[in-house]
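# Notes for the structure review
Take a look at the letters that make up each chain.
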Amino acid sequence: MGGGLIPEPLRRLPWRMLLPLALLNLFGSTVLWSAAGGRMWPWAIMHMVHFAVFLAMAVVLARLPQHLFKQVAYPLYGVLIVLLVLVEAIGKVGGGSQRWLNLGFMTLQPSELMKPVIVLVMARFYDSLPPAMTQSWRALVPAGALLAVPAALVMLQPDLGTALAICFGAVVVVFLAGVPIWWFIGGGAAAAVIAPLAFFFALHDYQRKRVLVFLDPEADMLGSGYHITQSKIAIGSGGIFGKGLGNGSQSHLQYLPESHTDFVFATMAEEWGLLGGIFVIAVFLLVFRWGMGIAQRAPDRFSRLLAAGLTTTMFFYFAINMSMVMGLAPVVGIPLPFMSHGGSSLMTNMLCIGTIMAVDRWSRVGR
Amino acid sequence: MARRTTRTTSGTLANSFDRRSIVVGALQGGLGLLLATRMGWIAIAENNRYRTMAESNRVNLTLIPPRRGWILDRHGEPIASNRADFRVDLIPERLIDVDRTIDELAPLIGLDAIKVQDIKDKLEDARGFQPVEAGSHLDEEKFAAVSVRMPDLPGVVPQRSFARQYPTGPSVGHLVGYVGPASGADYEKEHNPLLITPGFKIGKDGLEKHFDAVLRGVPGARRVEVTAGGRIVRDLETREDIPGKPIKLTIDGALQDYAARRIGLESASVVVIDCHTGGILALVSMPSFDPNSFADGVGRLEWKMLQEDDHVPLLNKAVRGLYPPGSTMKPMATLALQQHGVDPEERVNCPGGYRLGSRYFRCDAAHGSVDMRSAVEHSCNTYFWSMAHRVGYDAIAPVGRMLGLGQQFDLPISGQRKGIVPDAAWKMRRYHQAWSMADSLNASIGQGYVAVSPLQLAVMTARIATGRTLQPSLMFGQPAPAGPTLPFTPEQFAVPRDGMFRVVNGSGTGVGSKIVIGDVRMAGKTGTAQVRALTSRGTVGEWKTRDHSLFICFAPTDAPRYAMSVVVEHGTFGARAAAPIAKDVMTFLFDPRTAWDSLLALEKEWGGTPAQRMAAKFRTYAARYGTSAPKVGPEEALEAAMDRAPAPAAEQPNQDVITPVDTPHGAASPSPTPAATAEPAAPASPTEPH
C-alpha cells in the first residue's frame with residue numbers, strides 16, 4: 001500500500017481488515033451466483049453493489065468526530081423507538097405483523113438499526129455515568145430501561161432473533177462497563193430459571209417448535225426439522241474440498257431452504273467444502289480481533305465500549321447463524337453478514353465496521 | 001472485597017475493561033474454533049453418511065412395472081396379452097385438494113360424472129401411498145394435456161405403461177380371472193414397493209392369481225434427478241424390466257370364445273375335454289364379467305349390474321356350480337350294473353312307472369320292454385329303478401366316484417367344489433337318518449342328494465368315451481398321468497357308448513342335436529334336473545323354478561376325440577337348452593364355418609356378442625341410475641362374492657326332493673315322488689302312493 005501514488009486518506013484505511021472482508025464479500029457473491037444457477041442477477045450483483053455502497057458509507061462514517069456520535073446517541077435512539085412503535089401500529093392496522101417501514105425509495109427496518117444504536121446509547125450512558133456509581137443500582141436500572149423498551153417492542157413484532165441480538169449487544173456493553181461481576185452470575189442464574197418459563201409462556205408456537213426441533217431435528221425430518229437436517233446434509237456432503245462450483249445438489253435442487261439467505265453458509269459449504277468454511281470463519285475471527293484490538297487501544301471509555309460493543313453485535317450474527325446451520329442452535333432467522341443476500345444486515349454490519357474505523361481514527365489522530 | 005471498599009475510578013474501570021474484553025475476545029475466538037471443529041466433524045467424520053443422504057435426496061428411483069407374462073392358448077394365441085397404454089394415476093398422499101384436482105382433471109381426460117364418482121369412492125378407501133387409477137387407454141393428446149399440467153396438479157401421475165388385455169373379454173373371465181391394483185391387504189402380506197407403483201397390477205382371480213408369481217416378472221428401474229418439489233431434472237439411468245414368463249394352456253381360445261358366445265342369454269357352463277390327453281379345451285361359465293373392465297377397478301354401476309343379475313355372473317359355474325346330474329348319470333350306471341352281473345340284454349318292462357312298497361314312482365312314458373341300451377336311449381327310469389333295487393345303490397356310487405363324480409382334480413383352479421355322491425354313511429353323517437330304498441331310486445337317476453359340477457360331468461364323459469381314467473389338465477404339454485385302469489371290459493364299455501349313440505342318432509331323446517359332418521357322429525345323453533318338486537315339471541313358470549338342462553356328449557363316436565358337458569341353469573329339459581349348445585360347440589370343432597354361421601344368426605336375435613350386450617346393459621343402467629347407485633364395498637367384498645357358495649338354486653340341489661320319500665302321506669309332503677325324471681315327456685303330476 002506504500003508509495004505516494006495513493007492518497008493519504010485511502011492509505012490510512014485499515015486494509016489488513018478491509019481486504020479480507022472484501023474477499024469474503026466477493027466469495028459471498030460467488031456463492032450467490034452459483035445459488036442463482038450461475039446467474040449474476042439478482043443476488044450476486046446486488047450483493048456487490050450493496051457492499052460498495054455501504055463500504056463508502058462506512059468510510060464516510062469513519063471520518064466523523066466523536067462528539068457527533070455522542071450528540072446523536074440519545075436522539076437517534078428516540079427516533080428509532082418512535083419508528084418501532086410506528087411499525088407496530090401500522091402492523092396492527094394492516095392486520096398482521098410487520099417489520100418494515102416503506103420510505104418510498106427504500107424499506108427501513110428500525111429493529112435492524114437498533115442493534116448498533118443500542119450499543120451506541122449504552123456506551124454513551126456508561127461514559128456519562130460517574131465511575132463511582134458503576135457499583136450501584138444506578139448503573140443498571142437506567143441501562144435496563146434503555147434496553148427493555150426496544151427489546152420489548154421488537155419481541156412484539158415478533159422477532160426473537162433481532163430482540164436477542166439487541167439484548168446481547170447491550171448486555172456485553174454493560175459487562176464491559178465494569179459493573180459488579182456477581183450481577184452477571186445472578187442474572188445468569190435468573191435466566192436459567194426464567195428461560196424455561198419463557199419457553200412455555202412467552203414464546204410463540206412457531207418459536208417453541210423451532211426450539212424443540214433443534215433439540216431433535218431428525219424426529220420431524222419432513223416438517224420443521226427439515227431446515228436443520230438439509231443444512232447438515234449440505235455441509236456434510238461437501239466434505240473437505242466440496243463438490244465444486246455449481247455442483248451443489250442440495251441447493252440447486254431446492255432441498256436446502258433459504259439457500260441464498262439464512263442458509264447461505266450451507267450452500268457455500270456444499271460446493272467449497274471445509275476449506276471454504278475455514279476461510280469464512282477465519283475472516284470473521286480476523287474482523288473480530290481487529291475490532292476488539294481497536295477497543296483495547298481506544299483512548300477513552302466511550303470509544304472502548306462502542307468498539308467492543310459493535311464487534312460483539314457483528315459476532316452475534318456470526319455466532320447464531322453459524323450455530324444454526326451446523327445444528328448447534330435453533331432455527332432463528334438471522335443471516336450471515338457479508339455472505340447472505342439482503343441489504344439490511346449488510347448495512348448494519350457496515351455501520352459497525354465504519355464506526356469501529358472511526359474509533360480507530362480517534363485513537364490515532366484524536367477525537 | 002478490596003475493590004468494593006476502595007473508590008471506583010476511571011482507572012480501575014479501564015483495568016476491568018481490559019480484563020473483561022480479553023474474556024469476550026477469547027469467547028469469540030473459542031466459538032470460532034468450536035464452529036470450525038463442528039464443521040470438520042460434519043464434513044469429514046460424517047461425510048459418508050451425509051453424502052448418502054444428499055444422494056438419496058437428489059436421486060429418485062422409480063420402479064417400472066414389469067410387463068406381465070402372456071397367457072396363451074394351445075395354439076399360441078394370446079388369451080391375455082399386454083398393450084402399450086397411456087394412463088393417469090392419483091397418489092392420495094400427494095393430493096392437496098382432492099375435489100379441485102379431480103375437477104381439473106376430469107375435462108382433460110374426459111371423465112363423466114359416473115367415472116368421477118367411482119374415482120372419489122376409490123380415493124376414499126385408498127391408503128396414502130396406494131395409487132388410484134384415474135384413467136387408462138388415453139389417447140396421446142389427452143395424455144399430453146395432463147402431462148403439461150403436471151406441475152399444477154400435485155399427486156397426479158401420468159405415465160406410459162402396459163395394460164392387460166383380454167382379446168375375448170367375458171369369454172375368458174372366469175377362466176383367467178383378472179388383474180387389478182394391489183390392495184392394502186396385499187401390501188401388508190408382501191411389503192414390496194412394486195405393489196404401490198402406479199400402473200402395477202397383480203392377479204386377482206383365476207389363473208392370473210394362481211400364476212401371479214410366474215407372470216409377474218421383474219420390475220425395471222429408472223433413476224432420475226429430482227428437485228425437492230418432485231420435478232424431474234434429468235434421467236440418470238434406466239434398467240429395463242424383465243417381462244413375466246408366459247403360460248400356455250390346453251385351452252383352445254377360439255373354442256372357448258365360441259362356446260361362451262353360443263351360450264347366449266342362458267346361464268350356463270360348457271366344459272370340453274381332449275380325449276387324448278385329458279387337456280381341458282374349454283372351461284366356460286356364462287354370463288361372466290369382462291376382465292378388461294375389471295382391470296380398472298369395479299365401479300358402482302358395474303357392481304350394481306353384477307349384483308342384480310340373477311344369472312350370477314360372478315360365479316364360475318363350471319367348477320363351482322353344483323347340479324343334480326339327472327339322467328346324465330345313466331350311462332355311468334350301466335357300467336355299475338354290468339359290474340354287478342346284470343346282463344345288458346336282459347329286458348325290463350316299463351309300464352310307465354315303478355312300484356316300491358306302497359308307493360309308485362312314475363316314469364316319463366310307458367317305454368314297454370327295454371334292455372340296457374334302449375333304457376339309455378329312451379332314458380327309461382323304470383329300468384334303472386328296478387335294477388338299482390336289485391344291485392343296491394351302494395354298487396353305483398363307487399363307479400360314479402371312479403369316473404370323476406364327487407372328485408376334486410389337481411388343477412390350478414381355486415374353489416373347485418367336490419359336490420356329493422351320496423351313500424348310506426354320508427346320509428347318516430349329514431342327516432342322522434338311515435339310507436332308504438327310495439334314496440337309492442332317487443340317486444340312481446341322478447336326483448335326490450346327488451350334486452356334481454359340470455367339470456366332473458365332462459371328466460365322466462371322457463372316461464366313458466375312452467375307457468381310460470383321464471385326468472383333466474390345464475397346462476399345455478403337462479398332461480396329468482391317467483389314474484388306475486378302469487375295471488370294465490371293452491364289451492361293458494360298449495353298452496353305454498351304444499346307448500349314447502342311439503340317444504342322438506337313433507330314436508332317443510337327443511335326436512334333434514344329431515350332427516353329420518363327414519363320417520363324424522356324436523354320442524350323448526340328455527339330463528333334466530329338478531330344481532323344485534313343488535311344480536309338476538319345471539318347464540314353465542318363473543325362471544328360477546325351472547329345471548336345469550344338462551347334456552353330455554363325445555365325438556367322433558368311433559374314435560372319441562372330444563368329450564363335453566353342457567349345463568344350462570333352469571333351461572328346462574335337456575334336449576331343449578343344453579343339447580343344441582353342445583351340438584353347435586361340437587360342430588365348431590369339426591366344421592367351424594357352419595358353426596359360426598349358426599352362431600352369428602343367433603347373436604342377431606340376442607342383441608350382439610356378450611361384450612356388446614354388456615355394454616348396452618351398462619348404458620341402460622347409466623341412463624336409469626346415473627350416479628345414484630350405492631357405493632361398491634371394499635375390494636374384499638368383490639373377492640368374497642366370487643368365492644362365495646354358488647347361487648342359491650345350485651347351492652342346495654334339490655333340497656325339496658330331499659324330503660323323506662318314505663312319508664306315508666303324500667299330502668303332508670308335496671313331493672314324495674322322485675320327481676326329477678327323464679325326458680322328453682309330457683308333464684307328469686306328482687304321483688300319489690296308490
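Residues numbered from 1 in each chain as written. Chains lettered and ligands numbered in written order. Predicted model: local features only at pLDDT ≥ 70, side-chain atom pairs only at ≥ 80, totals over all residues.

## Observations regarding the overall build of chain B
Heads up, the rule is: A run of H or I in DSSP becomes a helix once it reaches four residues, and a run of E becomes a strand once it reaches two; helices and strands are each numbered from the N terminus. Once C-beta atoms are placed from the backbone, each residue is buried if 20 or more other C-beta atoms lie within 10 Å of its own, exposed if 12 or fewer, and partly exposed for counts between those two. Contact between two residues is assigned whenever their backbone-derived C-beta positions fall within 7 Å.
Secondary structure summary: chain B contains 27 helices and 19 strands in total. Of all 690 residues assigned to chain B, the portion counted as buried reaches 51%. Long-range contacts, defined as pairs at least 24 residues apart, comprise 74% of the intrachain contacts of chain B with a sequence gap of at least 6.

## Concerning the domain arrangement of chain A
The parts lose accessible area when they come together, and the size of an interface is often stated as this lost area. Residue and element names in this part refer to chain A. Going by this rule: What counts as a domain boundary in this text is fixed by an automatic or database domain assignment. Amino acids outside the nonpolar list (Ala, Val, Leu, Ile, Met, Phe, Trp, Tyr, Cys, Pro) and the charged list (Asp, Glu, Lys, Arg) are all regarded as polar, and Gly is one of them.
Once the domains are mapped, chain A shows domain 1 (12–63 + 205–367) and domain 2 (70–203). A straight line from the C-alpha centre of domain 1 to that of domain 2 covers 22 Å. Each side of the interface is counted separately: domain 1 has 23 residues, and domain 2 has 24 residues. Elements with a minimum of two residues in the side of domain 1 that touches domain 2: helix H9 (205–215), helix H13 (301–325) and helix H14 (343–365). With eleven residues, the top contributor of residues to the side of domain 1 that touches domain 2 is H13. Partitioned by chemical class, the residues of the side of domain 1 that touches domain 2 number twelve nonpolar, nine polar and two charged.

## Side note on the interface of chain A and chain B
Across the boundary between the two partners, chain A contributes 42 residues, which contact 39 residues of chain B. Listed by contribution, the elements that provide at least two residues to the side of chain A that touches chain B are helix H7 (160–176), helix H10 (226–238), helix H11 (249–252), helix H12 (264–297) and H13 of chain A. Grouping the constituent residues of the side of chain A that touches chain B by class yields 24 nonpolar, 14 polar and four charged.

## Notes on the sheet that holds strand S8 (residues 220–226) of chain B
Residues and elements named next belong to chain B. This is how the line gets drawn: Paired strands, as defined in this entry, are two strands with at least two bridges between them according to DSSP. Inter-axis angles, ranging from 0 to 180 degrees, are taken between N-to-C directions of lines fitted to C-alpha atoms, where helices are fitted over the stretch in contact.
Pairing is antiparallel across the open sheet formed by three strands, whose spatial order is S1-S8-S9. Two strands in the sheet have a free side with no partner beyond their single neighbour: strand S1 (59–64) and strand S9 (232–239). Neighbour to neighbour, the strand axes of the sheet diverge by 25° on average, direction disregarded. As paired strands, S8 and S9 are joined by six bridges and run antiparallel to one another. The residue of S9 that forms the bridge with Arg 223 is Glu 237.

## Details of the environment of Val 176 of chain B
Within the secondary structure layout, Val 176 of chain B lies in helix H7 (residues 173–176). When near neighbours in sequence (up to four residues on either side) are disregarded, Val 176 of chain B contacts Ile 71, Ile 79, Ala 80, Tyr 166, Gly 206, Leu 207, Glu 208 and Pro 291 of chain B.

## Some points on helix H8 (residues 181–201) of chain A
Residues spaced three or four apart along an α-helix point in a common direction, a consequence of the helix completing one turn every 3.6 residues. Residue and element names in this part refer to chain A. To be explicit about the condition: Here a helix's expected span is defined as the number of its residues, less one, multiplied by 1.5 Å. At any given residue, the bend is defined as the angle formed between two axes, one fitted to the seven residues that end at that position and one fitted to the seven that begin there.
Here H8 spans 29 Å end to end across 21 residues, near enough to the 30 Å set by a 1.5 Å rise per residue. The largest bend along H8 reaches roughly 30° and is located at Ile 194, with the proline Pro 196 sitting one to four residues downstream. Within H8, only zero of the 21 residues are buried, leaving the element largely exposed.

## Thoughts on the packing of helix H5 (residues 110–128) of chain A against H7 of chain A
All names here are of chain A. Condition: Oblique is the label for any angle not under 35 degrees, not over 145, and not in the 65 to 115 range, which are roughly parallel, roughly antiparallel and roughly perpendicular in turn. Take the far helix as your reference; a near helix turned counterclockwise from it by less than a right angle gives a left-handed crossing, and one turned clockwise gives a right-handed crossing.
At a minimum axis distance of 9 Å, the contact between H5 and H7 shows a crossing angle of 15°. By the criterion of interaxial angle, the relationship of H5 to H7 is roughly parallel. Every pair of crossing elements has a handedness; the one defined by H5 and H7 is right-handed. Each of Ser 111, Glu 112, Met 114, Lys 115, Ile 118, Val 119, Met 122, Ala 123 and Tyr 126 in H5 lies in contact with H7, whose residues at this interface are Thr 162, Ala 165, Ile 166, Gly 169, Ala 170, Val 173 and Val 174. Each residue belonging to the contact of H5 with H7 can be placed in one class, and the counts come to eleven nonpolar, three polar and two charged.

## Points about the domain arrangement of chain B
All names here are of chain B. The domain boundaries assigned to chain B delineate domain 1 (60–248) and domain 2 (253–286 + 312–607 + 647–651). Each of domain 1 and domain 2 has a C-alpha centre, and these two points are 44 Å apart. Contact residues are listed per partner, giving 14 residues for domain 1 and 14 residues for domain 2. Every element with two or more residues in the side of domain 1 that touches domain 2 is listed here: H7 and helix H9 (206–210). Classifying every residue of the side of domain 1 that touches domain 2 by side-chain character gives six nonpolar, four polar and four charged.

## Re the packing of helix H3 (residues 43–62) of chain A against H14 of chain A
Residue and element names in this part refer to chain A. In contact at an axis separation of 8 Å, H3 and H14 are set at 30° when each is read in the N-to-C sense. Judged by the angle between their axes, H3 and H14 are roughly parallel. Remark: the crossing between H3 and H14 carries right-handed chirality. Two secondary-structure elements touch here, H3 through His 50, Phe 51, Phe 54, Leu 55, Met 57, Ala 58, Val 59, Leu 61 and Ala 62 and H14 through Gly 343, Leu 346, Met 347, Met 350, Leu 351, Ile 353, Gly 354, Thr 355, Met 357, Ala 358 and Arg 361. Looking at side-chain class alone, the contact of H3 with H14 contains 15 nonpolar, four polar and one charged residues.

## Focus on the confidence of the model for chain B
Residues and elements named next belong to chain B. Quick reminder of the rule: Residue-level confidence of the predictor, termed pLDDT, takes values from 0 up to 100.
When pLDDT is averaged along chain B, the result is 84; 90% of the residues meet or exceed 70. Counted against residues more than four places away or in other chains, residues 1–5, with its pLDDT under 50, gives two contacts. The model gives residues 645–690 a pLDDT under 50, and that stretch makes 118 contacts with residues more than four places away or in other chains.

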